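Each chain, written out:
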Amino acid sequence: LPAIAAGACLVQRAEGEASPERLLDWLIEHEITFAYPPTAFAANWAATPAASAPSSTPLRVRNVILGGEALPAELARRWNETALGGARLWNCYGPTEIVVWATYLAVDPSALGDLAVVPIGRPARGRSARVVDPFGDLAPLGVIGELWLGGIVARGYLGRPDLTAERFVPDPFGPPGSRAYRTGDLARLRADGVLEFHGRTDHQVKVRGFRV
């Protein structure tokens, strides 16, 4: 939808074009300027010889968005050494329940320090992201709590009123009648307004982008 709404050409990879070794050739062939590979795929690609091989044809990629699971800081630190190092790297976060993206960060590898995971950034326009303590109050700066997302959220889970009531709750920090989605993700808000991801409140994990 963003590509089409911006008047751009949307190109989806076919089944035979899905290997990391083929990524650069595919980007060049279709003159891609804005790429959105899943984080796990990008990590697999960065580990292949093709990621650092020089190309005789210039790449037109200006932005690369990664998402679907936590972005390892090690991958971000090596990004400038890859063939896509000239493209701006974005880390985007958000579950399906809030229509995919809720927060974003333009990644600066030099600002990651000793972090193991790249921060998830600040809320996108029309979104809110708040770190809440076990009592439902805002957690202090720097304290880990559950991440609640407001703004545009889904109506709920089809045929699951119990789970809908548990996860989609009245937003105590938003306008009257608004709702928030309890992500089950742990986060902390830094003094500079950037959110860091710190795991889950339960035992859910992401495997190649799928919730388990």
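Residues numbered from 1 in each chain as written. Predicted model: local features only at pLDDT ≥ 70, side-chain atom pairs only at ≥ 80, totals over all residues. Heavy atoms only, no water.

K.L.:
Please clarify how the pairing of strand β4 (residues 103–106) should be interpreted in this entry.
P.N.:
Across a regular strand the side chains alternate sides, sitting on one face of the sheet and then on the other. What you see with β4 is a clean split: T103 and L105 sit on the buried side and Y104 and A106 on the side with no burial. Looking at chain direction, strand β3 (residues 88–93) and β4 are connected through four bridges and run antiparallel. Bridging from a neighbouring strand, N91 pairs with L105 of β4. Of the strand pairs in this sheet, β4 and strand β5 (residues 122–123) are connected by two bridges, and their pairing is antiparallel. (Buried < 20%, exposed > 50% of the residue type's maximum accessible area, 1.4 Å probe, protein only. Helix = DSSP H or I, 4+ residues; strand = E, 2+ residues; numbered from the N terminus. Pairing = 2+ DSSP bridges.)

K.L.:
Mind showing me how you'd approach the confidence of the model for the protein chain here?
P.N.:
Parts of the model with low pLDDT should not have their predicted coordinates read in detail. Per-residue pLDDT for the protein chain has a mean of 92; in total, 99% of the residues score no lower than 70. Model confidence for the protein chain, summarised as mean pLDDT per element, is weakest for strand β11 (residues 206–207) at 74 and strongest for β5 at 98. (pLDDT = per-residue confidence, 0-100.)

K.L.:
Which parts of the structure should I look at to understand the sheet that holds β5?
P.N.:
What holds strands together in a sheet is hydrogen bonding between their backbones, with the strands either parallel or antiparallel. Overall, mixed pairing links the five strands, which are arranged β1-β2-β3-β4-β5 in an open sheet. The sheet terminates laterally at β1 (34–35) and β5, the two strands that pair on one side only. Sheet topology places β1 next to strand β2 (residues 63–66); two bridges connect them, and they run parallel. Bridge assignment links F34 to a residue of β2, and that residue is N63.

K.L.:
Is there a simple way to think about helix α3 (residues 39–46) in this case?
P.N.:
An α-helix turns once every 3.6 residues. As a result, residues three or four positions apart point the same way. Buried within α3 we find T39, F41, A42, W45 and A46. Projected down its long axis, α3 carries its buried residues within an arc of 160°, all on one side. (Arc of directions from axis to C-beta.)

K.L.:
Can you walk me through the layout of surface pockets in this structure?
P.N.:
Rolling a probe over the atoms, with the probe sized like a water molecule, indicates the empty space that remains. By volume, the largest pocket is sized at about 1300 Å³. Looking at the largest pocket, it is lined by 34 residues, and the ones nearest its centre are P2, A3, F34, Y36 and W101. In terms of residue count, the dominant contributor to the lining of the largest pocket is helix α2 (residues 23–29) (three residues). When its residues are assigned to classes, the lining of the largest pocket shows 26 nonpolar, four polar and four charged. Of the voids in this model, the second largest pocket is the one considered here, and its volume is about 800 Å³. Residue lining of the second largest pocket: 32 residues in total, with G68, E69, G94, P95 and K206 positioned closest to the centre. (1 Å grid on protein atoms, 1.4 Å probe; cavity = no way out; pocket = protein on both sides within 12 Å on 5 of 7 lines; lining within 4 Å. Points joined across faces, edges and corners; volume = space filled by probe spheres on them. Nonpolar A, V, L, I, M, F, W, Y, C, P; charged D, E, K, R; others polar.)

K.L.:
What am I meant to see in the side chain of T39 here?
P.N.:
As for its placement among the helices and strands, T39 is situated in helix α3. A relative accessible area of 3% places T39 in the buried class. Excluding residues that lie within four positions of it along the chain, T39 makes contacts with L66, G67, G68, E69, A70, L71, P72 and L75. (Contact = heavy atoms within 4.5 Å.)

K.L.:
Mind showing me how you'd approach the environment of H198 here?
P.N.:
Checked against the element boundaries, H198 lands in strand β10 (residues 195–200). Take H198: its relative accessible area is 34%, and that puts it in the partly exposed class. In sequence terms H198 and I144 are 54 residues apart; their C-alpha atoms lie 7.5 Å from each other. In terms of polar contacts, H198 uses its side chain to reach the side chain of E196, at 3.0 Å. (Polar contact = N/O pair within 3.5 Å; in protein donor to acceptor, adjacent residues only side chain to side chain.)

K.L.:
Explain the pattern of salt bridges here, please?
P.N.:
Pairing between side chains of opposite charge can happen when the charged atoms of each approach one another. Within this structure, the stated rule accounts for 13 salt bridges. Residue E146 is joined to R182 by a salt bridge in which the shortest nitrogen-to-oxygen separation is 2.9 Å. Of this pair, E146 sits in strand β7 (residues 145–151) while R182 sits in strand β9 (residues 179–189), and the two are 36 residues apart along the sequence. Of the residues examined, E146 reaches a relative accessible area of 10% and is grouped as buried. Its salt-bridge partner being D192, residue R190 comes within 2.9 Å of it at the nearest N-O pair. (Salt bridge = Lys/Arg side-chain N within 4 Å of Asp/Glu carboxyl O.)

K.L.:
In this structure, what is going on with the packing of aromatic side chains? I would like to understand it.
P.N.:
Any two aromatic rings considered together are summarised by their centre-to-centre distance and by the angle between their planes. Enumeration over the complete set of coordinates arrives at five aromatic pairs. A centroid spacing of 6.1 Å and a plane angle of 45° characterise the contact between W90 and Y104, whose relative ring orientation is tilted. Residue W90 is found in strand β3, and its partner Y104 is found in strand β4; the two are separated by 14 residues along the sequence. Taking the relative accessible area as the measure of exposure, W90 reaches 19% and is therefore buried. On the accessibility criterion, Y104 (37% relative accessible area) is partly exposed. With 5.1 Å between their ring centres and 45° between their planes, F168 and Y181 make a pair best called tilted. One end of the pair, F168, is in strand β8 (residues 168–170); the other, Y181, is in strand β9, and 13 residues separate them in sequence. (Phe/Tyr/Trp six-rings, centres within 6.5 Å; stacked < 30°, edge-to-face > 60°.)

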